[in-house]
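Here is what each chain is made of, one letter per residue.
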Amino acid sequence: MTSEALLGIDLGTSGVKTVLLSASGEILGEGSADCPLRSPRPGWAEADPSDWWRATVLAVGQALASCSDPCTVRGVGVDGQMHGVVLTDRDGDPVRPALLWPDQRATEQAQVWGELSTALRNTLGNPIVPGMAGPLLTWLTEHEPEHCARARHLLSAKDWLRMQFTGSAGTDPSDASGTLLWDIGSDRWADRLLDVLNLDRDLLPPVAPSGSAAGTLRAAQAAQLGLPAGIPVAVGAADTAAALLATGLAHGEVQLTIGSGAQLVSRTDDPTTPPQPLVHLYRTAEPQGWYRMAAVQNAGLALDWVRGVLGAGWDEVYAAAGEDGADSDGVIFVPYLTGERTPRMDPTLAGGFTGLRIGHHRGSLLRAAVEGVAFAIRDAAEALPGPLPGPLPDVIRLAGGGIRDRRFRALVADVMQVELAPVELRSASAVGAAMLAASAAGLPVPQVQPAAGIPVRPSGRDHTEGFLRYRELVEPYVEDEFGHGHGHGHH
Ligand SMILES: Nc1ncnc2c1ncn2[C@@H]1O[C@H](COP(=O)(O)OP(=O)(O)O)[C@@H](O)[C@H]1O
Ligand SMILES: O=C(CO)[C@@H](O)[C@H](O)COP(=O)(O)O
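Residues numbered from 1 in each chain as written. Chains lettered and ligands numbered in written order. Predicted model: local features only at pLDDT ≥ 70, side-chain atom pairs only at ≥ 80, totals over all residues. Heavy atoms only, no water.

Draft legend 1. Molecular detail of the overall build of the chain. Of regular secondary structure, the chain possesses 16 helices and 23 strands. Against the compact-globule benchmark of 23 Å for 491 residues, the chain has a radius of gyration of 22 Å, which places it among compact chains. Seen through its C-alpha atoms, the chain measures out along the principal axes to roughly 60 × 55 × 40 Å. Per-residue burial for the chain yields a buried fraction of 59% across its 491 residues. Taking the intrachain contacts of the chain between residues at least 6 apart in sequence as the baseline, contacts between residues at least 24 apart amount to 72%. Surface accessibility of the chain: about 18,800 Å² in total, with carbon and sulfur atoms responsible for 52%. Charge-centre separation for the chain: the mean point of 37 positive side chains lies 2 Å from the mean point of 57 negative side chains. (Helix = DSSP H or I, 4+ residues; strand = E, 2+ residues; numbered from the N terminus. Rg over C-alpha atoms; globule rule 2.2 N^0.38 Å. Buried < 20%, exposed > 50% of the residue type's maximum accessible area, 1.4 Å probe, protein only. Contact = heavy atoms within 4.5 Å. Areas by Shrake-Rupley, 256 points an atom, 1.4 Å probe, with all protein chains shown as cover. Lys, Arg positive; Asp, Glu negative; His and termini not counted. Charge placed at Lys NZ, Arg CZ, Asp CG, Glu CD.)

Draft legend 2. Quick look at the site of ligand 1. Around ligand 1, the surrounding shell holds 15 residues, and the nearest of these are Ser14, Lys17, Ser260, Tyr318 and Gly401. Ser14 places a side-chain nitrogen or oxygen 2.6 Å from an oxygen atom of ligand 1. Within the side chain of Ser260, one N or O atom sits 2.6 Å away from an oxygen atom of ligand 1. Surface burial for ligand 1 is 78%, taken as the share of its 580 Å² of free accessible area covered by protein chains. Put simply, the parts of the chain that give the shell around ligand 1 at least two residues each are strand S2 (15-21), helix H11 (300-310) and helix H12 (314-322). Here the residues of the shell around ligand 1 are counted per class, giving three nonpolar, 10 polar and two charged. (Near = heavy atom within 4 Å. Polar contact = N/O pair within 3.5 Å; in protein donor to acceptor, adjacent residues only side chain to side chain. Nonpolar A, V, L, I, M, F, W, Y, C, P; charged D, E, K, R; others polar.)

Draft legend 3. Just helix H2 (residues 107-114), in detail. Within H2 the residues assigned to the buried category are Thr107, Gln109, Ala110 and Trp113. All buried residues of H2 lie within an arc of 155° about the axis, which places them on one face of the element. Projecting away from the buried face of H2 at angles above 90 degrees are the exposed residues Glu108 and Gln111. Of the surrounding elements, those touching the buried residues of H2 are helix H3 (118-124), helix H4 (133-143) and helix H8 (191-196). (Arc of directions from axis to C-beta.)

Draft legend 4. Structural view of the side chain of Asp10. Looking at the element boundaries, Asp10 is found in strand S1 (residues 3-11). Setting aside residues up to four positions removed in sequence, Asp10 forms contacts with Gly15, Val16, Lys17, Asp79, Gly80, Asp239, Ser427, Ser429 and Ala430.

Draft legend 5. Fine view of the packing of aromatic side chains. Tallied over the entire structure, the rule returns 11 aromatic pairs. Between the aromatic rings of Trp53 and Phe165, the centroid separation amounts to 5.8 Å while the plane-to-plane angle is 65°, which identifies the pairing as edge-to-face. Taken together, the residues span a long stretch of sequence, with Trp53 in helix H1 (residues 49-66) and Phe165 in helix H6 (residues 157-166) at a distance of 112 residues. Across the pair, exposure class does not vary: Trp53 and Phe165 are buried alike. Where Phe467 meets Tyr470, the ring centres are 6.3 Å apart and the plane angle is 20°; that geometry is what we call stacked. Of this pair, Phe467 and Tyr470 both sit in helix H16 (residues 464-474), three residues apart, roughly one helical turn. On the basis of relative accessibility, which here comes to 0%, the residue Tyr470 falls in the buried class. Here the aromatic cluster, defined as three or more aromatic residues joined through ring pairs, consists of Trp314, Tyr318 and Phe408. The cationic tip of Arg105 hangs over the ring face of Trp44; the distance from NZ or CZ to the ring centre is 3.5 Å. (Phe/Tyr/Trp six-rings, centres within 6.5 Å; stacked < 30°, edge-to-face > 60°. Lys NZ or Arg CZ within 6 Å of the ring centre and 35° of its normal.)

Draft legend 6. Highlighting the UniProt feature "domain: Carbohydrate kinase FGGY N-terminal" (unreviewed entry) in the chain. Feature annotation in UniProt assigns "domain: Carbohydrate kinase FGGY N-terminal" (unreviewed entry) to the following positions: residues 6-245. Along residues 6-245 one finds 35% helix and 22% strand; the C-alpha atoms at either end are 15 Å apart. (UniProt positions renumbered as here; feature names shortened; annotations may be inferred.)

Draft legend 7. The packing of helix H13 (residues 362-381) against H16, seen in detail. One way to put it is that H13 packs onto H16 with a least axis distance of 10 Å and a crossing angle of 75°. By the angle between their directions, the pair H13 and H16 is classed as roughly perpendicular. Residues Gly372, Phe375, Ala376, Arg378 and Asp379 of H13 form the contact with H16, whose own contacting residues are Gly466, Phe467, Tyr470, Arg471 and Val474. Taken together, the residues that form the contact of H13 with H16 break down as five nonpolar, two polar and three charged. (Axes fitted to C-alpha atoms, helices over the stretch in contact; angles between N-to-C directions. Parallel < 35°, antiparallel > 145°, perpendicular 65-115°, else oblique.)

Draft legend 8. Main features of empty space enclosed by the protein. For the coordinates displayed, the defined rule picks out three cavities of 30 Å³ or more. Around the largest cavity, the lining comprises 17 residues; the ones closest to its centre are Val129, Pro130, Gly131, Gln297 and Arg341. Residues of the lining of the largest cavity, tallied by class, amount to seven nonpolar, six polar and four charged. (1 Å grid on protein atoms, 1.4 Å probe; cavity = no way out; pocket = protein on both sides within 12 Å on 5 of 7 lines; lining within 4 Å. Points joined across faces, edges and corners; volume = space filled by probe spheres on them.)

Draft legend 9. Main features of the site of ligand 2. Neighbouring residues of ligand 2: 13 residues in total, closest Thr13, Met82, His83, Asp239 and Arg341. One nitrogen or oxygen atom from the side chain of Thr13 is found 2.4 Å from an oxygen atom belonging to ligand 2. Gly261 is positioned such that a nitrogen or oxygen atom in its backbone is 2.9 Å from an oxygen atom of ligand 2. Relative to its free-state accessible area of 380 Å², ligand 2 is covered by the protein chains to the extent of 93%.

Draft legend 10. Layout of the environment of Leu204. Its place among the elements puts Leu204 in the loop between H8 and strand S11 (213-216). With 59 residues separating them along the chain, Leu204 and Pro145 place their C-alpha atoms 17 Å apart.

Draft legend 11. Structural context of the sheet that holds strand S17 (residues 290-296). The six strands lie next to each other as S16-S17-S15-S14-S20-S21, forming an open sheet whose pairing is mixed. The sheet is open, and its two edges are formed by strand S16 (280-283) and strand S21 (419-422), each paired on a single side. In this sheet, adjacent strand axes meet at a mean angle of 30° when their direction is disregarded. Taken together, the three bridges between strand S14 (residues 255-258) and strand S20 (residues 395-399) define a ladder with parallel strand orientation. (Pairing = 2+ DSSP bridges.)

Draft legend 12. Representation of the side chain of Glu475. Looking at the element boundaries, Glu475 is found in the loop between H16 and strand S22 (478-479). Looking at Glu475, the relative accessible area reads 5%, which means it is buried.

Structure, rendered in C-alpha cells:
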C-alpha cells in the first residue's frame, strides 16, 4: 500500500529534522542529521549552507526510508532557526558562510542601532541584539563591502533552503519579524529605518504568507532528495512559529522549547512593546497574530560545549541532572557563552564556572552545567509578560530536542517550580512545517494531536538557594522593562 504524505523540514541550529505527516496528522516517518555551527573565532557563529544541504538530503532520505509503507510526498514545508543571514547571489549561491543568531560580532553595530530614535525603534517591537539580521547586515556593510556588492538576496536559513528547492527568493512574516528590519505593527519591511541606516532595501526578499506556495520542487533537487519533481513547496516559517502550529498553543498558555537555545512563548493580540523590551515580539505563521518570547541564548548549545570540553557523553550530562544532594556543592555555571538575551540583553556577557574548590570534580562541573542552564531558563521565564500579567501559569507546555531526557525535565521543573507538560514530538517545528506544506498544496491541514508525555511535577527538591546565588552573580543590579532600576530583595 502507498500512503500520501506531507514533508516537513526543520533546519535547526544543531541540525536538520524531517517528518512525514499523513493527511490525518499521523507521523509516518522521521529523520535527522547533525550539522553543528562553527565558531572560527570566539564570539562568531557560522555555518556553511552546503552542509545544511547535505544534512537535508540525509534527513529526507531517512524519513522516507523509515516509513513502513512507501510514501508519495504531496508537498514540502520548511522552517528554520531565526535571525541569521545568508547572503546569496541571484542564483541562491552563498557569497560567504551564513552568520547565525548566536553570533556576537555585531555588538558595536547593535549599540548604534540602540541609539536610533524611540519612534523608529518602536516600529521594530524588539530588543536590539547583535545576532539578528539588521545589525549583522550593518556589520557586513562595514567590514565586507566586497561580499555585499556581490550579494543579491539576504535570506534566513529556511529561506535559503527553500530557494534551493524552488529557485526563487522570498520570506514570510514570522521570519521577517525576527530580522530587526520589519515594522511589526504595519506588517511590512521597515523602509524608513532602512533609509536612515543606509541599508540596501533591494537585498530584502518579497514576503508571502507562511502557508502559501513559493513554487514547486525543481527536478535536479528532487532527484537528490528522492522526491517527485514539481510538488508544491510552502513559503514556510520561523522554527518557533512552526512549533506553535504543531502544538496548537492557545491564548493564555505558555510553551517552553529547549533546543540549542530555549524559548518561552505566549500568544498576544497586542503588538505594542515598552521602549526597552526584555522579550521579543514576533509574527505567528498564521495570517494574523503575534507571540511574545523570552529567549535564552545558551541552553543545549552551552551543554554541548561543556560536554565537548569535558569529553562527556549526553548520558553522563543527564545523569548529573538526576543526582540527588546539595546543589553542585557550591559550584555555579553561568552559561552565557554567546552573551545573553532575556532578561540580561547583554551580548558582552561571558560564561564561567565559579565556586570551585579542591575536592570538586568533573561530576560537580557537569551537575553545575545542567543546573546553570535550568537557572537561565527560570531567569528568563520571570521576564515573560502577558497575555497573563503576573506570575507564570501553573503548567507550562514543554517541547524541543533538548527535553528528551526525563532527568533533565525533572530538574527544569524543580528549578522553575512549575508543572511541565511535555509534547512528545521529536520536532514540533518540522510537524508545523508539514502542516504549512498541506496548505500550500491546497490540501486540508492535518489535525495533529501530539502525544502528551507524562506530566513533570516539581518533586519538592528546593533549588532556591542555588538560584539566588546564580542571580547574585548575573544580576547585581537590573532595570525593568520600563527603565526603573532596582536591586533584588535577596541582596
Ligand atoms: N544524542 C543526544 N542525546 C540527548 N540530547 C541531545 C542529543 N543530541 C542533542 N541533544 C540535545 O538536544 C539539543 C538540540 O535540540 P534541537 O531541538 O534539535 O535543537 P535545534 O533546533 O537547535 O537544532 C542539543 O543542544 C542537546 O541539548
Ligand atoms: O533565537 C531564537 C528565537 O529568538 C530561536 O528560535 C532560534 O531560531 C534558534 O532556535 P533553535 O535552533 O535553538 O531551535
